[in-house]
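What follows is each chain in one-letter form.
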Amino acid sequence: MAKVNVYKTVELLNQTVAEDILSLCQACIEKHGTFHIALAGGGTPKKLYQLIASDAFCGKYPWEKIHVYFGDERCVPADHEDSNYRMVNEALLAKTPIPVENIHPIHIDVDDVTASADRYNDELIASLPSDQETPKFDLVLLGIGDDGHTASLFPGTTILQQMKKFVDAVYVEKFNSWRISITYPVINAAANIYLLATGEGKARIVKTVMFDEPPAEPYPIQRIQAQGNLYWYLDEAAAAQAAEIVLSQARSD
Ligand code: 6PG
């Protein structure tokens with residue numbers, strides 16, 4: 001069952017997420033000596049990454065025991081403005097003492113995206129602890145798009161059916177571009193999933209995926225079947241339409 005946390009502002013949300021990741025990281029290191037986290041791309045988590053890289057948090061994180069992976073990547077060079085690696089490196093990694101061998105980018109060969117996906121699939125198998133032969137992240141950070149996608153699991157794409165590989169390449173019609181993404185098997189196997197959504201632009205999709213009757217083809221994010229903990233982190237703006245329903249249900253009870 002998902003746990004939903006709502007925060008007055010995105011700043012309060014990011015402060016809490018940074019603290020929660022630190023606590024989880026410390027618990028995982030206590031338990032098995034490392035912390036394996038898959039980061040989300042896009043715009044939502046950028047300020048969170050900058051906060052973790054700031055003096056308020058950077059010195060508290062045991063970087064030598066943290067391994068950073070990517071939930072998905074756009075098929076562009078690593079210095080391209082659309083690159084998730086570039087965003088994460090500028091916002092976070094370059095500002096921390098994390099050992100370079102602890103950073104696991106999705107290396108993109110724009111001429112062979114399938115090979116790029118297969119290489120990352122093998123890297124996850126080689127680098128992560130596994131649970132019944134599925135690589136197991138301690139934490140996967142995810143966002144949500146206004147079409148209900150998460151990572152690069154977009155509606156109507158072939159990757160939604162990928163139940164064998166842990167990483168796959170996917171052509172996204174709406175962007176006329178390829179992406180590489182982790183797939184449901186590895187997302188579902190994660191010990192923890194933190195799903196972040198902020199801003200009024202996400203209010204409709206958050207309400208839709210939480211409360212509306214799922215469409216015949218459920219939204220990709222609705223198809224996550226987390227075997228571990230799934231926590232939603234919302235600011236009040238993103239939770240606004242969902243909150244209206246919760247309040248109206250409370251009034252009618
Ligand atoms: C990406 C992300 C993607 C993102 C959503 C939300 O590579 O873009 O992995 O799944 O989380 O598209 O994006 P925003 O945070 O920019 O709204």
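Residues numbered from 1 in each chain as written. Predicted model: local features only at pLDDT ≥ 70, side-chain atom pairs only at ≥ 80, totals over all residues. Heavy atoms only, no water.

Caption draft 1: Quick look at the side chain of Thr96. Its location among the elements puts Thr96 in the loop between α3 (84-91) and α4 (113-127). The exposure class of Thr96 is buried, given its relative accessible area of 11%. A distance of 3.0 Å separates the side chain of Thr96 from the backbone oxygen of Leu93, its partner in a polar contact. Among all residues touching Thr96, those that are not within four sequence positions of it are Cys58 and Trp63. (Helix = DSSP H or I, 4+ residues; strand = E, 2+ residues; numbered from the N terminus. Buried < 20%, exposed > 50% of the residue type's maximum accessible area, 1.4 Å probe, protein only. Polar contact = N/O pair within 3.5 Å; in protein donor to acceptor, adjacent residues only side chain to side chain. Contact = heavy atoms within 4.5 Å.)

Caption draft 2: Spatial organisation of the pattern of salt bridges. Scanning the model with the defined rule gives 8 salt bridges in all. Two residues, Asp72 and Arg179, come together in a salt bridge whose shortest N-O distance is 3.6 Å. With a gap of 107 residues between them, Asp72 in strand β4 (residues 72-74) and Arg179 in strand β9 (residues 177-182) connect regions that are remote in the sequence. Ionic pairing is found between Lys165 and Asp118, a salt bridge with its closest N-O pair at 3.1 Å. Here Lys165, found in the loop between β7 (139-142) and β8 (167-172), pairs with Asp118, found in helix α4; they are 47 residues apart in sequence, far enough to count as distant. (Salt bridge = Lys/Arg side-chain N within 4 Å of Asp/Glu carboxyl O.)

Caption draft 3: Representation of the sheet that holds strand β2 (residues 35-39). Across the sheet, which stays open at both edges, the 6 strands sit in the order β1-β11-β10-β7-β2-β3 with parallel pairing between neighbours. Of all the strands in the sheet, the pair left with one neighbour each is β1 (3-7) and β3 (66-70). Strand after strand, the sheet turns through a mean of 20° between neighbouring axes, direction not considered. When β2 meets β3, the two strands line up parallel, connected through 5 bridges. (Pairing = 2+ DSSP bridges. Axes fitted to C-alpha atoms, helices over the stretch in contact; angles between N-to-C directions.)

Caption draft 4: View of the environment of Tyr120. Positionally, Tyr120 belongs in helix α4. Under the relative-accessibility criterion, Tyr120 is labelled buried at 2%. It is 38 Å that separates the C-alpha atoms of Tyr120 and Lys8, two residues lying 112 residues apart in sequence. If we skip the residues at most four places from it in the chain, Tyr120 touches Tyr69, Phe70, His104, Pro105, Ile106 and Val167.

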